[in-house]
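Report on the structure
Below, each chain spelled out in residue letters.
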2 protein chains.
Amino acid sequence: MIRSVTHSLDNYPHTGTTRYEDGVTKIPGFACSTMDAEWLSKQLKLRMPVQLFLKSSCKQGPDVLSYNVIGEIRGSEKPEEIITAGGHLDSWDLAEGAHDDGTGCMQSIEVIRAIKALGWKPKRTIRAVMFMNEENGLRGGTAYAEFAKKLNEQHIFAVESDAGGFGVETLGISGKPEQYAKVKSWEKLFKPYGIYELSDGGGGADIGPLKPLGTVLSGVNPNSQRYFDHHHAANDVFEAVNKRELELGAFSMAAICWLVSEYGL
Amino acid sequence: MIRSVTHSLDNYPHTGTTRYEDGVTKIPGFACSTMDAEWLSKQLKLRMPVQLFLKSSCKQGPDVLSYNVIGEIRGSEKPEEIITAGGHLDSWDLAEGAHDDGTGCMQSIEVIRAIKALGWKPKRTIRAVMFMNEENGLRGGTAYAEFAKKLNEQHIFAVESDAGGFGVETLGISGKPEQYAKVKSWEKLFKPYGIYELSDGGGGADIGPLKPLGTVLSGVNPNSQRYFDHHHAANDVFEAVNKRELELGAFSMAAICWLVSEYGL
């Protein structure tokens, strides 16, 4: 039984998966809220008798057919060069999955919406992709890269937001040194919005399978201090998302996608 | 009537003071929540008749005697050199003033508590000061500097937290170039805790009056995106403070005070 990693004292167990090494006897794993963990700990320190009643209804269901959801603006000059902004649609099932990863999905859609609302025409194709099955196998991300390869698509850049809808601190970039240097030269454009660095190294689970195609990958890195107050817990709800922080994350993605679209990589 | 500056749609008017230039007829000023402002704006756009009933009970009360609250650890080697960590005790009276500035007070106390808990003996004197009357005249800060001058105290450094108990991004430093350079050399010690810069220029309202005494001033700069969801509004309450963010602010103050105490300026 694992104590939640949040620093808050609350009653929202931080759930997760249990993995077993081969040959090890499988025993159930349980998530324990900080309040319950504190109580248990106190009882044990007082050498009080503690009896634990555990009941789990967890099970692995059969696979069902599902889909990535994709929208795009075709590029006006180089439509064959594709830029992806993504998040994932699925969530841990005990809550809405607002921060993991509703915010990433909304921010990805906002990249497209904002560009349309401004009446801008990107030179390259910009896609918003809501990946399916990030939490449990990464099949959406894997299928996306497989299709890209099969169709011989040219994926020059992909950015993912999957670390919560909190205030963005940095964008991480993984690419060849000259590609990173080009992106790094845009850093000053981000600083006024509180994004203080375009740092070396970054990506995301769903866009990771694009790496072998030579795609430059980027990850949105928000401030992490509040993430594990909600991550995979029943309080990962819409009300825990701050509108302004959500918007700044969308801004960071829209800005980097627009710059890559206009200036290439 | 002024619309609240928060990006949230809520019913918490963001209050403030009204100031008049000389010779201008004094009219009342009102704070309007974003929800009410949206409603009003819609009515006006639809050219609907709008009638506004305004009632204000604001008044300037008579002065009453009040106090700064001060605690200190005397320095073991140079007790005459004083370091101040401060916030302000008073708050806008429609709420608890949790972020403005309960968090600054708690963080200042935490500087002293943490050093005591660690059993460390600072070389120089470290003070936690809760200033009175920041919001309405700055008399606590003014009196503190007046006493410092009268008693010929040597105030080498003062840091204030009065911008909300959110995750700290930078510490601002105001001092002579060589003093700033010395503080700047400690920057790498702060980075692992998410404080990415010890930046040039900073201070706080209450410690500002120490400036003419040659005190190096510092301000805690937290991420500002959520501050005006609560600032001077009825929802500036304890529940809006995140424990972890509060602690990281206290860490930033304790660390800078400790470094100045050990290495001087």
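Going along each chain's sequence as written, the residues are numbered from 1 onward. Here chains are named by letter from A upward and ligands by number from 1 upward, in the order in which they appear as written. Per-residue local features are limited, in this predicted model, to residues with pLDDT of at least 70; the limit for side-chain atom pairs, both in listing and counting, is 80 or more; totals at the level of whole chains, interfaces and linings are taken over all residues.

Attention shifts here to the sheet that holds strand S5 (residues 124-131) of chain B. Residues and elements named next belong to chain B. On the basis of which strands lie adjacent, the open sheet formed by seven strands has the order S3-S5-S4-S6-S9-S7-S8 and mixed pairing. Single-partner strands in this sheet number two, and they are strand S3 (69-73) and strand S8 (197-200). The mean angle between the axes of side-by-side strands here comes to 20°, regardless of whether they run parallel or antiparallel. Relative to S5, strand S4 (residues 78-88) runs parallel, the two being bridged by eight bridges. Bridge pairing links lysine 78 to arginine 124 in S5. Contact between two residues is assigned when their C-beta atoms, built from the backbone, lie within 7 Å. Convention adopted: a line fitted to C-alpha atoms gives each axis, helices being fitted over their contacting stretch, and angles between N-to-C directions are expressed from 0 to 180 degrees. Numbering of helices and strands runs from the N terminus; a helix is a DSSP stretch of H or I covering at least four residues, while a strand is a stretch of E covering at least two. Against the sheet, helix H4 (residues 177-184) touches strand S7 (168-174), S8 and strand S9 (216-222), its axis set at about 170° to S8. When DSSP finds two or more bridges between a pair of strands, those strands are recorded as paired.

Let's shift gears to the domain arrangement of chain A. Residues and elements named next belong to chain A. Each domain's limits were defined by an automated method or a database of domain assignments. Split into domains, chain A comes out as domain 1 (2-45) and domain 2 (69-263). Taking only C-alpha atoms into account, the centre of domain 1 sits 31 Å from that of domain 2. Contacts between the two partners involve eight residues from domain 1, matched on the other side by nine residues from domain 2. Residue polarity follows a fixed list, in which Ala, Val, Leu, Ile, Met, Phe, Trp, Tyr, Cys and Pro are nonpolar, Asp, Glu, Lys and Arg are charged, and the others, Gly among them, are polar. Of the residues that constitute the side of domain 1 that touches domain 2, the class distribution is three nonpolar, five polar and no charged.

Attention now moves to the environment of B:Asp162. Residue position: B:Asp162 is located in the loop between strand S6 (154-160) and S7. In this structure B:Asp162 touches B:Gly87, B:His88, B:Asp101, B:Gly104, B:Gly204 and B:Ala205, once residues within four positions along its chain are discounted.

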